[in-house]
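Each chain, written out:
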Amino acid sequence: PLVRAMALRALADDPKATSESNGQLIVRALVDPDARVQAAALHAAVRLKAVSLASSIVPLTASPDVVVSHLAVNALVALGAESAALAALDAPASSR
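The rules behind these values
- The residue numbers shown here count from 1 along each chain, following its written sequence.
- At least 70 in pLDDT is required for a residue's local features to be given in this predicted model, at least 80 for side-chain atom pairs to be given and counted, and no such filter applies to totals for whole chains, interfaces and linings, which use all residues.
- Side-chain metrics in this entry use all non-hydrogen atoms of the structure; hydrogen atoms and water are not considered.
- Secondary structure counts use DSSP, requiring at least four H or I residues in a row for a helix and at least two E residues in a row for a strand, with both numbered from the N terminus.
- Throughout, the radius of gyration refers to the C-alpha atoms, and the reference size of a globule is 2.2 Å times the residue count to the power 0.38.
- Working definition: with a 1.4 Å probe on protein chains only, accessible area under 20% of the residue-type maximum means buried, over 50% means exposed, and in between means partly exposed.
- Note on definitions: a residue-residue contact is assigned when non-hydrogen atoms from the two residues lie within 4.5 Å.
- Charge counting follows a simple rule: Lys and Arg are positive, Asp and Glu are negative, and His as well as the terminal groups are ignored.
- Working definition for charges: the position is that of NZ of Lys, CZ of Arg, CG of Asp or CD of Glu.
- Salt bridge criterion: a side-chain nitrogen from Lys or Arg within 4 Å of a carboxyl oxygen from Asp or Glu.
- pLDDT is defined as a per-residue confidence score from the predictor, taking values between 0 and 100.
- Definition of a polar contact: a pair of N or O atoms within 3.5 Å, with one able to donate and the other able to accept a hydrogen when the atoms are protein atoms, and with sequence-neighbouring residues admitted only if both atoms are side-chain atoms.

Colleague: Can you walk me through the overall build of the protein chain in this structure?
Modeller: Check the secondary structure of the protein chain and you find six helices and zero strands. Listed N to C, the secondary structure of the protein chain is α-α-α-α-α-α in terms of helices and strands. At 13 Å, the protein chain has a C-alpha radius of gyration in line with the 12 Å of a compact globule built from 96 residues. Structurally, the protein chain occupies a C-alpha span of about 35 × 25 × 20 Å along its principal axes. Out of the 96 residues in the protein chain, the part that is buried amounts to 38%. Contacts in the protein chain between residues far apart in sequence, at least 24 positions, make up 58% of those at least 6 positions apart. Averaging the coordinates of the 8 positive side-chain charges in the protein chain and doing the same for the 8 negative ones gives two points 5 Å apart.

Colleague: Teacher, can you tell me more about the pattern of salt bridges here?
Modeller: Opposite charge on two side chains permits pairing when their charged atoms draw close. Going through the model one piece at a time under the given rule, you end up with three salt bridges. Notably, a salt bridge pairs Arg4 with Asp32, separated by 2.9 Å at the nearest N-O pair. With a gap of 28 residues between them, Arg4 in helix 1 (residues 2–13) and Asp32 in the loop between helix 2 (19–30) and helix 3 (35–47) connect regions that are remote in the sequence. Of the charged contacts, one joins Arg36 and Asp34 as a salt bridge, the two residues approaching to 3.3 Å between their closest N and O atoms. For Arg36, a relative accessible area of 46% puts it in the partly exposed group.

Colleague: I keep staring at the confidence of the model for the protein chain and nothing clicks. Help me out?
Modeller: Detailed reading of the predicted model is not advised wherever pLDDT is low. When pLDDT is averaged along the protein chain, the result is 88; 92% of the residues meet or exceed 70. Mean pLDDT across the elements of the protein chain ranges from a minimum in helix 6 (residues 82–90), with 81, to a maximum in helix 5 (residues 66–79), with 96.

Colleague: Quick question: what am I supposed to make of the side chain of Asp32 here?
Modeller: A residue is classified by how much of its surface remains accessible, and Asp32, at 11% relative accessible area, is buried. A polar contact is formed between the side chain of Asp32 and the side chain of Arg4, at a distance of 2.9 Å. With sequence-adjacent residues up to four places away left out, Asp32 is seen in contact with Arg4, Val37 and Gln38.

Colleague: Whenever I open this one, unusual backbone geometry confuses me. Can you help?
Modeller: Leaving glycine aside, a negative phi is the common case for residues, and trans is the common case for peptide bonds. Positive phi, close to 55°, is recorded for Lys49, a residue that is not glycine. When you line up the elements, Lys49 lands in the loop between helix 3 and helix 4 (54–57).

Given below as structure tokens:
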């Protein structure tokens, strides 16, 4: 898990990296079972301004890990992803 987290950090710090080219990698990391990897993925999404990944970030706001849930809320705010957060509220409880 530590290597995956560090790789995501390096990716986010690469000035040539884009959310389009690395979006799938970040999405996979957002559902990683390790909280450090999820946190690094959230950081990468914000650094790369990956607004398109907002709907993948929303489930982490309910993470049992309080740090991850806090980072997920902050990521949505930083990305200006109000529509994704509101859509999650409008979704039926069975799809959350």
